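Summary of the model geometry
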Amino acid sequence: MREIVAVIVGIEKYSRSGIDISSPFSNAMTAARHLLGMGAKAKNIHLLVNRTSSSDGYRGEVDIERLRAEGITVLEEPTKAAILNELASVPAGIPPDSRLFLYWCGHGYAGAGDRILLCSDYDAARCDDRTFNATRRFRRLGSHPEYTCFTEQIFLVDVCARYSDVIDPDQLSVSGQRHARQVAAFATREGGYSRGGFSDVALDWLGRQKTWPDTGIVLKTLLPELDEAKLKPFTLDADDEATRSQADGSAEPPHGHIRPMYWRCRRCLPAQI
């Protein structure tokens, strides 16, 4: 019997001073509850979150313990090592033809043609390699033999995509025959900033899915809602990539140049990192 497995990341506090943000914690908790409503077993949900203190000092302890009591794995320090360890563990004991869901909310950049996400232990001065290459992980999770049990995969990523050539790109190798149907939606196109509305729309859409949605209709149903909210996401569709690559004979899909956009938002990093 197929299973739904989820890795959910919400990072508000970073080792780098001055870049803490709000909302990723509550967004990640909402995503976890929606996955339960979709039929995922609590033991198959891996939640990696931290939180800044609210004005009354509350740090989410009650919410975290409630999910732990239901059987969800909750790690309160979403470092790069912790995230990679959870990703490495998710295929264990999972039957063939299962589903993988990944949600990430926090800080991110665009660099070297890839989407680079910052883990909680990122610090430009001391730990600038604590990054997560979402573009390459997307392709790796869809092609690596260890993850063949996941034949359908959905990624929702709410981070900014400001250009940077100083963030470590986490250049892991990607090889192997693709085995999964995959779709991904990122909050903004390259050069842009997430204004906070992506998760509102995407998680509302997720909450209305009573069962796992077929990957072929995910973007067809989600993108009109994002468009109605005047949001312009960046998407990846593995089936479209394969079709384009076969048509033009290239090993990788073409990457169009997108002019950088320079508005600022309440969640973006300072200009100096």
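1. A few points about empty space enclosed by the protein
- In this structure the tally under the stated criterion is 3 cavities of 30 Å³ or more.
- The wall of the largest cavity is formed by L102, W104, L117, F132, A134, F138, F155, V157, A184 and F186.
- Contributions of two or more residues to the lining of the largest cavity are made by strand 4 (98–105), helix 4 (134–141), strand 8 (150–158) and strand 10 (181–186).
- Class assignment of the residues belonging to the lining of the largest cavity gives a composition of 10 nonpolar, no polar and no charged.

2. Things to note about the packing of aromatic side chains
- All chains considered together, the criterion is met by 3 aromatic pairs.
- Between W104 and F132, the aromatic rings sit 4.9 Å apart at their centres with planes inclined by 35°, giving tilted as the arrangement. Highlighted residues: W104 in strand 4 and F132 in strand 7 (residues 131–133), separated in sequence by 28 residues.
- The buried category is assigned to W104, whose relative accessible area is 1%.
- The class for F132 is buried, based on a relative accessible area of 3%.
- With centroids separated by 5.1 Å and ring planes inclined at 65°, the aromatic side chains of F138 and F155 adopt a geometry described as edge-to-face. Pair noted here: F138 is in helix 4 and F155 is in strand 8, with a separation of 17 residues, a long-range link.
- Judged by relative accessible area, which is 2%, F138 ranks as buried.
- If you follow R115 out to its NZ or CZ, it ends over the ring of F186, 5.4 Å from the centre.
- Taking NZ or CZ as reference, R137 lies 5.3 Å from the ring centre of F132, over its face.

3. Remarks on helix 4
- Taking burial as the measure, the 8 residues of helix 4 include 6 buried ones, the bulk of the element.
- Its side-chain oxygen 3.2 Å from the backbone nitrogen of T135, N133 forms the N-cap of helix 4.

4. Details of the packing of helix 1 (residues 24–38) against helix 2 (residues 61–70)
- Taken N-terminus to C-terminus, the directions of helix 1 and helix 2 make an angle of 25°; their axes are 12 Å apart at the nearest point. Here helix 1 is positioned roughly parallel relative to helix 2, judged by the angle of their axes. Note that helix 1 runs across helix 2; the crossing there is left-handed. Contacts from F25, M29, A32, R33 and L36 in helix 1 reach D63, I64, L67 and E70 in helix 2.

5. Quick word on the pattern of salt bridges
- Counted according to the given criterion, the structure contains 15 salt bridges.
- With a shortest N-O distance of 3.2 Å, D63 and R66 are connected by a salt bridge. Taken as a pair, D63 and R66 lie in helix 2 at a separation of 3 residues, close to a single helical turn.
- A residue is classified by how much of its surface remains accessible, and D63, at 23% relative accessible area, is partly exposed.
- Judged by its relative accessible area of 45%, R66 falls in the partly exposed class.
- With a closest N to O distance of 3.6 Å, R99 and E152 form a salt bridge. Residue R99 is found in strand 4, and its partner E152 is found in strand 8; the two are separated by 53 residues along the sequence.
- Using a relative accessible area of 7% as the deciding quantity, one classes E152 as buried.
- Here the residues in one salt-bridge network are R2, D97, R99, E152, R181 and D214, joined through shared partners.

6. Some details on the sheet that holds strand 9 (residues 162–163)
- Ordered by their spatial adjacency, 4 strands build an open sheet running 7-6-5-9, and the pairing between neighbours is mixed. The strands lining the two open edges of the sheet, one partner per strand, are strand 7 and strand 9.
- Bridge count for strand 5 (residues 108–111) against strand 9 is 2 bridges, and the pairing is parallel. Bridged to A110 within strand 9 is Y163.
- Across the sheet, helix 4 is in contact with strand 6 (114–118) and strand 7; its angle to strand 7 comes to roughly 55°.

7. Details of unusual backbone geometry
- Of note in the backbone geometry, S23 takes a positive phi value of approximately 105° without being a glycine.
- Note on placement: S23 falls in the loop between strand 1 (4–10) and helix 1.
- Using a relative accessible area of 27% as the deciding quantity, one classes S23 as partly exposed.
- With a phi angle near 65°, D97 is a residue other than glycine that sits in the positive phi range.
- Relative to the helices and strands, D97 is located in the loop between helix 3 (80–89) and strand 4.
- The partly exposed category is assigned to D97, whose relative accessible area is 31%.

Reading guide: rules and limits
Residues numbered from 1 in each chain as written. Predicted model: local features only at pLDDT ≥ 70, side-chain atom pairs only at ≥ 80, totals over all residues. Heavy atoms only, no water. 1 Å grid on protein atoms, 1.4 Å probe; cavity = no way out; pocket = protein on both sides within 12 Å on 5 of 7 lines; lining within 4 Å. Points joined across faces, edges and corners; volume = space filled by probe spheres on them. Helix = DSSP H or I, 4+ residues; strand = E, 2+ residues; numbered from the N terminus. Nonpolar A, V, L, I, M, F, W, Y, C, P; charged D, E, K, R; others polar. Phe/Tyr/Trp six-rings, centres within 6.5 Å; stacked < 30°, edge-to-face > 60°. Buried < 20%, exposed > 50% of the residue type's maximum accessible area, 1.4 Å probe, protein only. Lys NZ or Arg CZ within 6 Å of the ring centre and 35° of its normal. Polar contact = N/O pair within 3.5 Å; in protein donor to acceptor, adjacent residues only side chain to side chain. Axes fitted to C-alpha atoms, helices over the stretch in contact; angles between N-to-C directions. Parallel < 35°, antiparallel > 145°, perpendicular 65-115°, else oblique. Left-handed = near helix turned anticlockwise from the far one by under 90°. Contact = heavy atoms within 4.5 Å. Salt bridge = Lys/Arg side-chain N within 4 Å of Asp/Glu carboxyl O. Pairing = 2+ DSSP bridges.

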